[in-house]
Amino acid sequence: PVHPLNLFMTLGVSFVASSFSSKVKEMAELILQGMEHPGFAIVHVNSPCTTYNNTYEILKGDPKNNIPPVVYDIPASHDSSDHAAAMALVQAEGIPLGLGYKEPNSLPLDERVAATTSKAKARTADEIFDALVI
């Protein structure tokens, strides 16, 4: 099975959040925060198909039928700027809902590209070909 939040953290996403489609207000707030984040942001929305593979009861739980919920709210004490704490959170059982990780010093892509290209030495085609000669 693929664990999306763990994958996002492993790939270096600087804003990782998770929401549930039935919690519209919280989901909208996380999407807005993700849009305002200067780096690479992903808000993973858990939205069960209630027609074909109905996992709603599994995700939300059903106390009457003794089914514990898979999703849970991230505790208020969670430090979303702590990468190690975020990794532990996404690797734990269940699906955490809320802001899991936010890199506080994240740069927008255009600034990262500009910083990288400013370090690169411009070379002519002849210089590149000469570097390849054995």
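The shown structure was predicted, so the numbers you read here are calculated from the model rather than taken from an experiment.

Caption draft 1: Representation of the environment of Glu57. As for its position among the elements, Glu57 is in helix α3 (residues 56-60). Given the relative accessible area of 38%, Glu57 is considered partly exposed. Separated by 42 residues in sequence, Glu57 and Phe15 place their C-alpha atoms 28 Å apart. In this view, Glu57 contacts Asp62, Asn65 and Ile67; residues no more than four positions away in its chain are not counted.

Caption draft 2: Layout of the sheet that holds strand β3 (residues 71-73). Taken in spatial order, the 4 strands line up as β2-β1-β4-β3 in an open sheet, and their pairing is mixed. Each edge of the sheet is formed by a strand with only one pairing partner; in this case those strands are β2 (41-46) and β3. This sheet shows a mean twist of 30° between the axes of neighbouring strands, independent of strand direction. Direction of pairing for β3 relative to strand β4 (residues 95-102): parallel, over a ladder of 3 bridges. Across the sheet, Val71 pairs through a bridge with Ile95, a residue of β4. Running over the sheet, helix α2 (residues 24-36) touches β1 (15-20), β2 and β4 and is turned about 165° from β1. Of the strands in this sheet, β3 and β4 are in contact with helix α4 (residues 83-91), which crosses β4 at around 160°.

Definitions and cut-offs
- Residues numbered from 1 in each chain as written.
- Predicted model: local features only at pLDDT ≥ 70, side-chain atom pairs only at ≥ 80, totals over all residues.
- Heavy atoms only, no water.
- Helix = DSSP H or I, 4+ residues; strand = E, 2+ residues; numbered from the N terminus.
- Buried < 20%, exposed > 50% of the residue type's maximum accessible area, 1.4 Å probe, protein only.
- Contact = heavy atoms within 4.5 Å.
- Pairing = 2+ DSSP bridges.
- Axes fitted to C-alpha atoms, helices over the stretch in contact; angles between N-to-C directions.

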